[in-house]
Amino acid sequence: MEFAVLRVPFFLEPHYDESKPFIESNRDRLIKKWGGKKGWEQQKNRHDLKGRGEAAGIPHFNLDRLASNSMASHRLIQHVGKRYGLDISEALYDRLNVY
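Residues numbered from 1 in each chain as written. Predicted model: local features only at pLDDT ≥ 70, side-chain atom pairs only at ≥ 80, totals over all residues. Heavy atoms only, no water.

**Describing the side chain of Asn26**
By the element assignment, Asn26 lies in helix α1 (residues 26–33). Exposure remark for Asn26: the relative accessible area of 8% places this residue in the buried category. Once residues lying within four places of it in the same chain are set aside, the contact partners of Asn26 are Phe61, Asn62, Leu63, Arg65 and Ala67. (Helix = DSSP H or I, 4+ residues; strand = E, 2+ residues; numbered from the N terminus. Buried < 20%, exposed > 50% of the residue type's maximum accessible area, 1.4 Å probe, protein only. Contact = heavy atoms within 4.5 Å.)

Listed below in structure tokens is the structure:
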């Protein structure tokens, strides 16, 4: 039996402006999203974000990495998958998402 996994984008911030350049860090975006530093700390603890990330194979989430709308990168991965195959698109995905 053989099968392939296709990535389907899920946007945590679906209304993030696609035309804007990288304008803020993930840390700043999340602090703003959860109403300040206190709200962000509560959210991290409530959902065990660090533990869940480690369990999913993300040893370190770079909160200081710049955030932007990821629609373009999702489009790129889908295009590469259709044109060159899933092995190539997965390799590209892994390169784009270095932890």
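**Observations concerning the pattern of salt bridges**
Taken as a whole and judged by the stated rule, the model has 3 salt bridges. The closest approach of N and O atoms between Glu41 and Lys44, which form a salt bridge, is 3.0 Å. In this pair, Glu41 and Lys44 are both assigned in helix α2 (residues 37–47), 3 residues apart and thus about one turn of the helix distant. Residue class for Glu41 comes out partly exposed when judged on its relative accessible area of 38%. Residue class for Lys44 comes out partly exposed when judged on its relative accessible area of 25%. (Salt bridge = Lys/Arg side-chain N within 4 Å of Asp/Glu carboxyl O.)

**A few points about the environment of Ile77**
Note on placement: Ile77 falls in helix α4 (residues 71–84). Sequence separation of Ile77 and Leu96 is 19 residues, and the distance between their C-alpha atoms is 9.7 Å. If we ignore the near neighbours within four places in the chain, the residues touching Ile77 are Ser89, Leu92, Tyr93 and Leu96.

**Observations regarding unusual backbone geometry**
A positive phi angle, close to 45 degrees, is found at Asp48, a residue other than glycine. Relative to the assigned elements, Asp48 resides in the loop between α2 and α3 (49–55).

**Re the confidence of the model for the chain**
Looking at the chain as a whole, its pLDDT mean stands at 85, while 97% of the residues score no less than 70. Mean pLDDT values for the elements of the chain range from 78 in strand β2 (residues 66–67) up to 93 in α2. (pLDDT = per-residue confidence, 0-100.)

**Topic: α4**
Taking 1.5 Å per residue as the helical rise, α4 with its 14 residues ought to reach 20 Å, and the 20 Å between its terminal C-alpha atoms agrees with that figure. Within α4 the residues assigned to the buried category are Ile77, Val80 and Gly81. In a view along the axis of α4, the buried residues occupy a sector of 100 degrees, so they form one face of it. Among the exposed residues of α4, those pointing more than 90 degrees away from its buried face are Lys82 and Arg83. Buried residues in α4 make contact with α5 (86–96). Phi turns positive, to about 105 degrees, at Gly85, one or two residues after α4. (Expected span 1.5 Å × (residues − 1). Arc of directions from axis to C-beta.)

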